Amino acid sequence: MTLHEQWMKQALREAEKAYEQDEVPVGAVVVHDNRVIGRGFNQTERLQDPTAHAEMIALTAAANHLQSKRLEGCTIYVTLEPCPMCAGAIVLSRIPTLVFAAFDPKAGACGTLFNIVEDKRLNHTPHVVTGVCDKESEQLLRGFFGRVRNIPSSHGRK
């Protein structure tokens, strides 16, 4: 198992927490000096907060840990390609490396619909690694959306 796979497994554990709470199963961890300093999973439904994405929660925790908005020397691992909001936050945090598992055909902003993190017009462009543990992430997402489609719309989802 590679180091990237090891850390992505931790992000997948975060995604499983989201799944258990009927949230879209996305998880993220921020690693610095070979230890996790920030972790998060989607909590938009529970918190009724459109910004409560796994990446945003993990970035905030990491910034609090380092007492700095700049997360230099860190790597963020995310189970799904970040959306425009999260990609923008990754750029603003100046994280040197982004590793994500599955591509997101509906909201991906790191190569699919947009490529915010590699846009040379911005002041920072992290190195991007894709496809790490992508099958596990895709399976979790398929399981979640399959389950949600079979639940009456009590969650407001279809």
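For the structure given in this document, a descriptive report is provided here. Remember, predicted model here, so these are calculated numbers, not experimental data. (Residues numbered from 1 in each chain as written. Predicted model: local features only at pLDDT ≥ 70, side-chain atom pairs only at ≥ 80, totals over all residues. Heavy atoms only, no water.)

As summarised here, the arrangement of the 5 strands in space is E2-E1-E3-E4-E5, forming an open sheet in which the pairing is mixed. Two strands lie at the open edges of the sheet, namely strand E2 (35-41) and strand E5 (127-130), each paired on one side alone. Neighbour to neighbour, the strand axes of the sheet diverge by 15° on average, direction disregarded. Sheet topology places strand E1 (residues 27-32) next to strand E3 (residues 74-80); 5 bridges connect them, and they run antiparallel. In the strand pairing of E3, Val 29 is matched with Tyr 77. Sheet contacts for helix H1 (residues 3-20): E1, E2, E3, strand E4 (97-102) and E5; angle to E1, the most-contacted strand, approximately 140°. (Pairing = 2+ DSSP bridges. Helix = DSSP H or I, 4+ residues; strand = E, 2+ residues; numbered from the N terminus. Axes fitted to C-alpha atoms, helices over the stretch in contact; angles between N-to-C directions. Contact = heavy atoms within 4.5 Å.)

The next point concerns unusual backbone geometry. The backbone of Asp 33 sits at a positive phi, close to 50°, despite the residue not being glycine. Tracing the backbone shows Asp 33 in the loop between E1 and E2. Taking relative accessible area as the criterion, Asp 33 reaches 63% and is therefore assigned exposed. With a phi close to 65°, Asn 34 is a non-glycine residue in the positive phi region. Topologically, Asn 34 is positioned in the loop between E1 and E2. (Buried < 20%, exposed > 50% of the residue type's maximum accessible area, 1.4 Å probe, protein only.)

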